Amino acid sequence: MKTDNTYANLLRLIQEEGSYRKDRTGVGTMSVFSEHVTFDLREGFPILLGKSVHWKSVVGELLWFISGDTRVKTLQDMGVTIWNEWALEDGTIGPGYGSCWRSWETKDGKFIDQLGDVIEQIKTNPTSRRLVVNSWNVGELDNMALPPCHMFFQFYVSNGWIDLQMYQRSADSFLGVPFNISSYALLLSMVAQVTGLKPRKLHMTFGDLHIYSNHEDAVEEYLGRVESRTSITKPPSLKLNPDIKSIDDFTVDDIQLDNYNPMPRIKAPVAV
């Protein structure tokens with residue numbers, strides 16, 4: 001329950017110190033600014049146990065990002081529907097996330113594979129301070145279905161270990177953050193394997209961290225579960241196919257989460 005305790009503390013912080021803010025969706029939020037949490041992957045894979053996180057969607061979306069694909073149908077074909085509400089008329093999410101990670105277009109018409117380049121740098125120049133992947137393409141924001149919430153991430157290599165820090169400008173604490181925790185922990189684990197390193201710590205820094213007004217009852221239900229749960233549950237463990245040596249070769253079948261026995265899902269409406 002260590003991941004749950006860290007996450008629950010974020011929710012309590014918003015409840016106790018947050019201020020009411022109007023927002024783009026019209027729902028309204030309670031919000032705090034500039035918070036930071038760390039998850040140590042040596043203690044088990046960070047995923048919530050107090051409510052179910054849809055692991056299939058975590059894996060599917062991350063593989064979609066890594067592939068550079070932006071077509072929503074690709075996700076739908078995997079049984080993942082989390083981007084349905086944001087699909088543009090052409091069926092894509094525009095030049096966001098996967099496009100930025102794998103094919104950032106420059107002004108002279110060339111394309112930069114940020115993720116591929118960073119992985120190569122981890123292998124050849126691991127102490128570089130430029131191991132950064134950026135999704136905040138200012139010139140393309142108006143063409144994206146949704147400007148990236150998790151904007152950029154950076155790797156840090158030390159003595160055979162690799163850490164990852166990500167920055168999230170806008171964080172839906174109840175629906176989005178649990179998903180982001182597990183997604184970036186999975187990304188760290190995958191990059192660690194293909195670079196011959198061991199995953200250590202995931203650091204997450206949030207800009208506007210908020211609870212939507214129509215999520216308050218769901219938050220209370222979750223916090224009640226965490227506070228009343230007295231049994232010690234062994235954290236789940238991630239297993240990656242050890243034969244995979246390239247980030248582009250991972251498939252759904254190469255990624256397995258063992259001993260994941262969460263409490264039931266808590267439904268809450270998505271603010272679009």
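Asks: Break down the packing of helix 1 (residues 2–17) against helix 7 (residues 216–228) for me, with residues and values.
Replies: Where helix 1 meets helix 7, the axes come as close as 11 Å, and the angle between the chain directions of the two elements is 135°. In terms of orientation, helix 1 lies oblique with respect to helix 7. When you trace helix 1 past helix 7, the crossing you get is left-handed. Contacts from Asp-4, Asn-5, Tyr-7, Ala-8, Leu-11, Arg-12 and Gln-15 of helix 1 reach helix 7 at Val-219, Glu-220, Tyr-222, Leu-223, Val-226 and Glu-227. Here the contact of helix 1 with helix 7 is composed, by residue class, of 7 nonpolar, 2 polar and 4 charged.

Asks: I'd love a proper account of the sheet that holds strand 6 (residues 150–158), names of residues and values included.
Replies: Read across the open sheet, the 6 strands follow the order 1-2-8-7-6-5; overall the sheet is mixed. Only two strands of the sheet have a single partner each, and these edge strands are strand 1 (19–21) and strand 5 (132–134). If you compare each strand with its neighbour and ignore which way they point, the axes differ by 20° on average. By the bridge criterion, 10 bridges tie strand 7 (residues 161–172) to strand 8 (residues 198–212) in an arrangement that is parallel. Across the sheet, residue Tyr-167 finds its bridge partner in strand 8, namely Thr-205. The strands that helix 6 (residues 176–195) touches are strand 2 (29–40), strand 6, strand 7 and strand 8; relative to strand 8, the one it contacts most, it runs at about 160°.

Asks: Describe the pattern of salt bridges, naming the residues involved and giving the relevant values.
Replies: Inspection of every chain in the model, using the stated rule, returns 11 salt bridges. When the shortest N-O distance is used, the salt bridge between Arg-225 and Glu-221 registers 3.2 Å. A residue pair is termed a helical-turn pair when its members lie 3 or 4 positions apart in one helix, as Arg-225 and Glu-221 do in helix 7 at 4 residues. Judged by relative accessible area, which is 40%, Glu-221 ranks as partly exposed.

Calculation notes
Residues numbered from 1 in each chain as written. Predicted model: local features only at pLDDT ≥ 70, side-chain atom pairs only at ≥ 80, totals over all residues. Heavy atoms only, no water. Axes fitted to C-alpha atoms, helices over the stretch in contact; angles between N-to-C directions. Helix = DSSP H or I, 4+ residues; strand = E, 2+ residues; numbered from the N terminus. Parallel < 35°, antiparallel > 145°, perpendicular 65-115°, else oblique. Left-handed = near helix turned anticlockwise from the far one by under 90°. Contact = heavy atoms within 4.5 Å. Nonpolar A, V, L, I, M, F, W, Y, C, P; charged D, E, K, R; others polar. Pairing = 2+ DSSP bridges. Salt bridge = Lys/Arg side-chain N within 4 Å of Asp/Glu carboxyl O. Buried < 20%, exposed > 50% of the residue type's maximum accessible area, 1.4 Å probe, protein only.

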